[in-house]
Amino acid sequence: MATDSTPKFEGWLGHDPTSADGNMIWGPYTPKAWDETDIDIRITHCSVCSSDLSTLRSSWAPAEYPCCVGHEIVGVAIRVGSAVTTGVTLGDRVAVGPQSDACRGRQGVCQECATEKENYCHVHLTGTYNGRYLSGDKSFGGFGLYHRAPSYFVFKVPAGLPSELAAPMMCAGVTTYSALKRNGCGPGKNVGIIGIGGLGHFGILWAKALGAEKVVAISRRSNKRDDAVRLGADEYIATEEDTDWIGVHTMTLDLVICTVSSSQMPLESYLSCLHTDGCFVQIGLPEDKFPPFRAGLLASRSAKVAGSFIGAPHEIREMLQLAVDKNVVPWVTERPMKEANAAIMDMAKGKPRYRYVLVNEDG
């Protein structure tokens, strides 16, 4: 199908680790070669994620510069390949998250892709930016004007869900949704959410939307208590201020979702809050090692420590519909795309409450 114009792929490019300090430079880049299973998107919104900072800094691994970050993308489909079978048509409002491709049986045998766990593909998982497709072409993200992606990882945004709210759901949203849903969050469950930020505030929203009996927000200090209550938390723990919080909450939680990324967090205290058969799920990605803990804390409770990574395509579709059905409204601040450098610096300082969304003003 034809495009409404020839896309001009330009965006904010990081050229070295100092780009995370507000030194991204606007410029052109070459997207993956067009395939008839691809979709070109005119970007209207792209949320800012802490992963953008880690990638620009080369904190997890050396970035492949130049790098255009941004993997919480919403826009309009302006070109749809003739082999696209996902139901997306020209003019549809669509979204892309942190995953742009997987092997999906095209290379070797992948049990994960065969069982709808494409987000755990270990044959060839392509990130929406700073990744490589099976063809060898490089992936570029959403801090720009246009985005090209394989259609399997492009999702229709349901009517009734504003684009600025859908954008942060594509990473922060689905990462918390998947961790909660796959680990049994629902009626009768008591759930703890550690860290009240971009991820954590979604954790509270989804836990309530999924019907949790009680949601306990956990942070170091009490300065986010009012926010947590407004988001729907039933209780709040300030670990550095509340006395005897460990004793009060020992063996009271069925599920704990940890969104923080600190090797200094009081992990043993968190594990003590788990009830029998409880589960602690780590979704924050520390840049250093996980804190040590005594195995007895798990054995004595038949408890588990698990991890969870982004979300599978079917979970993204479920999540977007749940957002409409339950009127899930994340807290976002819209900023012009031209302010991307300022936005990532403010993100690094912890200023957003709780997600910045960059907007192309002519979108």
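Quick notes on the rules
Residues numbered from 1 in each chain as written. Predicted model: local features only at pLDDT ≥ 70, side-chain atom pairs only at ≥ 80, totals over all residues. Heavy atoms only, no water. UniProt positions renumbered as here; feature names shortened; annotations may be inferred. Helix = DSSP H or I, 4+ residues; strand = E, 2+ residues; numbered from the N terminus. Buried < 20%, exposed > 50% of the residue type's maximum accessible area, 1.4 Å probe, protein only. Contact = heavy atoms within 4.5 Å. Lys, Arg positive; Asp, Glu negative; His and termini not counted. Charge placed at Lys NZ, Arg CZ, Asp CG, Glu CD. Pairing = 2+ DSSP bridges. Axes fitted to C-alpha atoms, helices over the stretch in contact; angles between N-to-C directions. Patch = residues over 30% accessible without salt bridge, like charges linked within 9 Å, V, L, I, M, F, W, Y side chains within 5 Å. Areas by Shrake-Rupley, 256 points an atom, 1.4 Å probe, with all protein chains shown as cover. Salt bridge = Lys/Arg side-chain N within 4 Å of Asp/Glu carboxyl O. Core = buried A, V, L, I, M, F, W, Y, C linked by side-chain atoms within 4.5 Å. Domains from an automatic or database assignment. Buried area = accessible area lost by both parts, 1.4 Å probe. Phe/Tyr/Trp six-rings, centres within 6.5 Å; stacked < 30°, edge-to-face > 60°. Lys NZ or Arg CZ within 6 Å of the ring centre and 35° of its normal. Right-handed = clockwise from strand over helix to strand, strands pointing away.

The name that an unreviewed UniProt entry assigns to the protein chain is alcohol dehydrogenase (NADP(+)), with the source organism given as Aspergillus novoparasiticus. What the UniProt record of the protein chain gives under Sequence similarities (unreviewed entry) is the line "Belongs to the zinc-containing alcohol dehydrogenase family." Its UniProt record gives the protein chain the following Catalytic activity (unreviewed entry) comment, quoted word for word: "a primary alcohol + NADP(+) = an aldehyde + NADPH + H(+)".

**A few points about the overall build of the protein chain**
Helix and strand content of the protein chain: ten helices and 17 strands. Summarising its shape, the C-alpha atoms of the protein chain cover approximately 60 × 40 × 40 Å along the three principal directions. Counting all 363 residues of the protein chain, 57% fall into the buried class. Once local pairs closer than 6 in sequence are excluded, the contacts in the protein chain between residues at least 24 apart make up 70%. The average position of the 35 basic charges and that of the 40 acidic charges among the side chains of the protein chain differ by 1 Å.

**Points about the sheet that holds strand 10 (residues 190–194)**
Strand order in this open sheet of six strands is 12-11-10-13-14-15, and the pairing throughout is parallel. The open sheet terminates on both sides in strands that have one partner only, identified here as strand 12 (235–238) and strand 15 (304–307). Across the sheet, the mean angle from the axis of one strand to that of its neighbour is 20°, orientation sign disregarded. Alignment of strand 13 (residues 253–258) against strand 14 (residues 274–282), held across five bridges, turns out to be parallel. Counted as the bridge partner of C258 is Q282 from strand 14.

**Some details on a nonpolar patch on the surface**
On the surface, W60, L125, L285 and F309 cluster together into a nonpolar patch covering about 340 Å² of accessible area. Its place among the elements puts L285 in the loop between strand 14 and helix 8 (296–299). For L285, a relative accessible area of 42% corresponds to the partly exposed category.

**A closer look at the nonpolar core**
In this structure, L180, I204 and W206 are the most contacted members of the largest nonpolar core, which totals 49 residues. Looking at which element gives the most residues to this core, the answer is helix 3 (residues 163–182), with ten residues. The two domains that each donate at least three residues to this core are domain 1 (10–171 + 311–359) and domain 2 (173–307). Setting aside chain neighbours within four positions, we find I204 in contact with I193, I196, V215, A217, A228, L231, G232 and A233. Within the second largest apolar cluster, 37 residues are counted, among which are W12, I41, L53 and V88.

**Notes on the environment of G160**
Mapped onto the fold, G160 is located in the loop between strand 9 (155–156) and helix 3. C-alpha separation for the pair G160 and V324, spaced 164 residues apart in sequence, amounts to 6.4 Å.

**Some points on the domain arrangement of the protein chain**
In terms of domain boundaries, the protein chain breaks down into domain 1 (10–171 + 311–359) and domain 2 (173–307). The C-alpha centroid of domain 2 is placed 27 Å from the C-alpha centroid of domain 1. Between domain 1 and domain 2, the contact holds 24 residues from the first and 24 residues from the second. Here domain 1 meets domain 2 over a buried area of about 2100 Å², counting both sides, of which 64% is carbon and sulfur. A per-residue breakdown of the area domain 1 buries against domain 2 is headed by E315, W331 and Y354, which together make up 30% of the total.

**Observations concerning the pairing of strand 17 (residues 355–359)**
The side chains of a regular strand alternate, residue by residue, between the two faces of the sheet. When you tally the buried positions in strand 17, you get five out of five residues, the bulk of the element. Bridge analysis of strand 16 (residues 332–336) against strand 17 gives five bridges, and the strand direction is parallel. Following the sheet pairing, R335 is matched in strand 17 by L358.

**A few points about the packing of aromatic side chains**
To describe a pair of aromatic rings, one takes the distance between the centres and the angle between the planes. All told, the structure shown has nine aromatic pairs when counted by the stated rule. A centroid spacing of 5.9 Å and a plane angle of 15° characterise the contact between F202 and W206, whose relative ring orientation is stacked. Placement of the pair is F202 and W206 together in helix 4 (residues 198–209), with a separation of four residues, close to one helical turn. When the ring centre of W34 is taken as reference, the NZ or CZ atom of R79 above it lies at 3.7 Å.

**With respect to the pattern of salt bridges**
The full count for this structure, using the stated rule, is 18 salt bridges. Put simply, R294 and E268 hold a salt bridge, and the shortest N to O gap is 3.1 Å. One end of the pair, R294, is in the loop between strand 14 and helix 8; the other, E268, is in helix 7 (residues 267–272), with 26 residues separating them in the sequence. What makes R294 exposed here is its relative accessible area of 52%. For E268, a relative accessible area of 28% gives the class partly exposed. In this structure, the salt-bridge partner of K351 is D346, at a minimum N-O distance of 3.6 Å. Classification of D346 as buried rests on a relative accessible area of 15%. Connected through shared salt-bridge partners, R335, E339, D346 and K351 make up one network.

**Focus on the pairing of strand 10**
Where burial is concerned, most of strand 10 is hidden: five out of the five residues are buried. Both faces of strand 10 are covered, namely the face carrying N190, G192 and I194 and the face carrying V191 and I193. Sheet analysis places strand 10 next to strand 11 (residues 214–219), joined by five bridges and oriented parallel. When the sheet's bridge partners are listed, V191 is paired in strand 11 with V215. You can see the chain leave strand 10, run along helix 4 and come back into strand 11, and the turn it takes is right-handed. Here strand 10 runs beside strand 13; their pairing, made up of four bridges, is parallel. Across the sheet, the residue bridging to I194 is C258, located in strand 13.

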